[in-house]
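Examination of the molecular architecture
Here are the chains, one letter per residue:
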Amino acid sequence: MHKIRRAIEVLFVLTLAALLLGGIVFVLGQAVALILGQGSWLAFFNETVKIPMCIAASVCAVAGFLLSYKRRQDQEQPQEARTL
């Protein structure tokens, strides 16, 4: 079970990194295209970068949900204070 959780953690981190990098490329690319007045560049970024970003965001969201759904069994549970 720990191997599956570890694989989901790796998937989450990789897709999160891809999403963040894609977002930076998308925003900077569109900003440069707007500054230079290149409408074709805007269409290029919208058609090529946005779709993989949406896929990465979806996979990242599902992996994040699965990670939060069930905690590890070996985590120590907080103990209640003893009274005398």
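One way to put it is that helix H2 (residues 39-48) packs onto helix H3 (residues 50-69) with a least axis distance of 4 Å and a crossing angle of 30°. By the angle between their axes, H2 is roughly parallel relative to H3. Contact residues: H2 offers Phe-45, Asn-46, Glu-47 and Thr-48, while H3 offers Lys-50, Ile-51 and Pro-52. Counted by class, the contact of H2 with H3 contains three nonpolar, two polar and two charged residues.

Right, let's get into the side chain of Thr-15. As for its placement among the helices and strands, Thr-15 is situated in helix H1 (residues 2-36). At 2.8 Å, the side chain of Thr-15 and the backbone oxygen of Leu-11 are in polar contact.

Here we come to the pattern of salt bridges. Side chains bearing opposite charge may pair, as long as their charged atoms lie close to each other. Under the defined criterion, the tally for this structure stands at two salt bridges. Of the charged contacts, one joins Arg-5 and Glu-9 as a salt bridge, the two residues approaching to 3.6 Å between their closest N and O atoms. Linking Arg-5 with Glu-9, this pair stays in helix H1, spanning four residues, or about one helical turn. Owing to a relative accessible area of 17%, Arg-5 belongs among the buried residues under this scheme. Arg-6 is paired through a salt bridge with Glu-9; the nearest N and O atoms lie 3.4 Å apart. Pair noted here: Arg-6 and Glu-9 are both in helix H1, with a separation of three residues, about one helical turn. Here Arg-6 falls in the exposed class, since its relative accessible area comes to 51%. Each of Arg-5, Arg-6 and Glu-9 takes part in salt bridges that share partners, so that together they form one network.

Before going further, it helps to examine the environment of Thr-15. Look at Thr-15 and you get buried, because its relative accessible area is 12%. In the structure, Thr-15 is positioned 41 residues away from Ala-56 in sequence and 5.2 Å away in space, judged by C-alpha atoms. Each residue touching Thr-15, except ones within four places of it in the same chain, is listed here: Ala-56, Val-59 and Cys-60. At a separation of 3.1 Å, a polar atom in the side chain of Thr-15 contacts the main-chain carbonyl oxygen of Phe-12.

Rules and cut-offs
Residues numbered from 1 in each chain as written. Predicted model: local features only at pLDDT ≥ 70, side-chain atom pairs only at ≥ 80, totals over all residues. Heavy atoms only, no water. Axes fitted to C-alpha atoms, helices over the stretch in contact; angles between N-to-C directions. Helix = DSSP H or I, 4+ residues; strand = E, 2+ residues; numbered from the N terminus. Parallel < 35°, antiparallel > 145°, perpendicular 65-115°, else oblique. Contact = heavy atoms within 4.5 Å. Nonpolar A, V, L, I, M, F, W, Y, C, P; charged D, E, K, R; others polar. Polar contact = N/O pair within 3.5 Å; in protein donor to acceptor, adjacent residues only side chain to side chain. Salt bridge = Lys/Arg side-chain N within 4 Å of Asp/Glu carboxyl O. Buried < 20%, exposed > 50% of the residue type's maximum accessible area, 1.4 Å probe, protein only.

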